[in-house]
Amino acid sequence: MHARAALFDLYGDHLRSRGGQASVAALVRLMKPLEIAAPAVRTAVSRMVRQGWLRPVRLSQGPGYGLTPKCVRRLDEAALRIYRAGTLSWHGRWHLIVVEPVRERARRERLRADLTFLGYAALSETTWIGPRSSIELDNLLDGEGVRADRFDAALEGDPRELVSRAWDLDAIGEAYEHWRTEAVTLISTLPEGAPDDQVFATRSRLVHGWRNFLFRDPGLPPELLPPGWPGEKARAYFEQEAARLLPAAAAFVDRELS
């Protein structure tokens with residue numbers, strides 16, 4: 001787990017609900033159970049500041065970093081899908097966006113990665129489709145300086161055929177099965193009565209692995225998924241274990257923040 005990804009997980013999983021800020025010293029202490037050294041934490045924080053995810057703040061414990069509005073939106077969007085923190089409904093219509101061509105390769109790849117994270121799939125180089133609009137879309141397009149036309153669209157045809165073209169459900173299903181096997185192994189290595197810092201580390205790795213599905217699974221409605229979708233079995237295991245380990249992990253975070 002890289003420092004930047006671990007910090008995103010930490011802010012989203014724990015700090016967002018605790019005011020969204022922490023001192024540098026606390027961040028270093030919180031990353032220690034994940035075997036991420038202080039220099040790596042500071043380098044990752046600096047990068048996240050440059051990218052507009054974090055902002056410097058002065059706290060009573062010393063210099064620290066808080067969430068920017070951009071990061072709050074990203075974390076809230078992620079929580080909606082990770083923890084089902086809201087209702088992900090589908091009304092049989094699609095959110096279609098047609099973006100203007102982007103010449104610069106770096107911007108184009110960044111835009112592609114971000115749209116994929118938000119649950120969209122490319123139908124062509126400039127046309128993207130998702131099961132619902134994203135609260136982050138405006139800020140994403142504004143940040144990249146890209147104009148897009150948007151449509152609330154009804155499909156003439158079989159939506160399952162569209163899904164099969166836009167997303168590789170077989171590969172996503174296999175990834176869920178692989179994740180669940182690894183997650184069971186990870187949890188089984190945690191001894192009974194393990195100290196809070198070890199529980200925090202184990203839960204952080206569990207959440208990190210699950211969060212990676214935000215870049216693969218768009219959160220399609222159940223009626224468009226194959227029977228016996230592996231994602232549901234994997235989600236049930238994640239929700240069970242994430243909730244079971246949360247009290248001890250939260251106790252560690254609270255102690256290191258004080």
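Since the model is a prediction, treat every value here as computed from it, not as a measurement.

Calculation notes
Residues numbered from 1 in each chain as written. Predicted model: local features only at pLDDT ≥ 70, side-chain atom pairs only at ≥ 80, totals over all residues. Heavy atoms only, no water. Patch = residues over 30% accessible without salt bridge, like charges linked within 9 Å, V, L, I, M, F, W, Y side chains within 5 Å. Areas by Shrake-Rupley, 256 points an atom, 1.4 Å probe, with all protein chains shown as cover. Salt bridge = Lys/Arg side-chain N within 4 Å of Asp/Glu carboxyl O. Lys, Arg positive; Asp, Glu negative; His and termini not counted. Charge placed at Lys NZ, Arg CZ, Asp CG, Glu CD. Helix = DSSP H or I, 4+ residues; strand = E, 2+ residues; numbered from the N terminus. 1 Å grid on protein atoms, 1.4 Å probe; cavity = no way out; pocket = protein on both sides within 12 Å on 5 of 7 lines; lining within 4 Å. Points joined across faces, edges and corners; volume = space filled by probe spheres on them. Nonpolar A, V, L, I, M, F, W, Y, C, P; charged D, E, K, R; others polar. Domains from an automatic or database assignment. Contact = heavy atoms within 4.5 Å. Buried area = accessible area lost by both parts, 1.4 Å probe. Polar contact = N/O pair within 3.5 Å; in protein donor to acceptor, adjacent residues only side chain to side chain. Buried < 20%, exposed > 50% of the residue type's maximum accessible area, 1.4 Å probe, protein only. Arc of directions from axis to C-beta.

Asks: Could you clarify how one ought to interpret a negative patch on the surface in this entry?
Replies: A surface patch of like charges, here negative, comprises Asp168, Asp170, Glu174 and Glu177. The residue Glu177 is located in helix α8 (residues 169–188) in this model.

Asks: Any chance you could explain empty space enclosed by the protein here in plain terms?
Replies: Unoccupied space between atoms shows up once a probe the size of one water molecule is rolled over them. Under the definition given, this model contains one cavity of 30 Å³ or more. If you add up the space inside the largest cavity, you get close to 70 Å³. Residue lining of the largest cavity: Met1, Ala6, Asp9, Leu10, Asp13, His14, Met31, Leu34, Phe200, Ser204 and Val207, and that is the complete set. The residue inventory of the lining of the largest cavity, partitioned by class, reads seven nonpolar, two polar and two charged. Here the lining of the largest cavity gathers at least three residues from each of two domains, domain 1 (3–71) and domain 3 (168–257).

Asks: Is there a simple way to think about the domain arrangement of the chain in this case?
Replies: The extent of an interface is frequently quoted as the accessible surface area lost upon association of the parts. On domain assignment, one finds that the chain holds domain 1 (3–71), domain 2 (93–166) and domain 3 (168–257). For domain 1 versus domain 3, the distance between C-alpha centres works out to 22 Å. Taken together, the contact pairs 15 residues of domain 1 with 17 residues of domain 3. When the two sides are added together, the surface that domain 1 and domain 3 hide from each other amounts to roughly 1,400 Å², 59% of it contributed by carbon and sulfur. Linking domain 1 with domain 3 are four salt bridges. Where domain 1 meets domain 3, there are six residue pairs in polar contact (both at pLDDT 80 or more). Among the secondary structure elements, those contributing two or more residues to the side of domain 1 that touches domain 3 are α1 (3–15) and α2 (24–31).

Asks: What's the story with helix α6 (residues 137–144) in this structure? I'm lost.
Replies: Counting along an α-helix, one turn takes 3.6 residues, and residues three or four places apart therefore face a common direction. The complete set of buried residues in α6 reads Leu137, Leu140, Leu141 and Glu144. The buried residues of α6 occupy one face: seen down the axis, they fall within an arc of 90°. The outward face of α6, more than 90 degrees from its buried face, is lined by the exposed residues Asp142 and Gly143. If you follow the buried residues of α6, they end up packed against β4 (94–99), α5 (105–117) and β7 (148–153).

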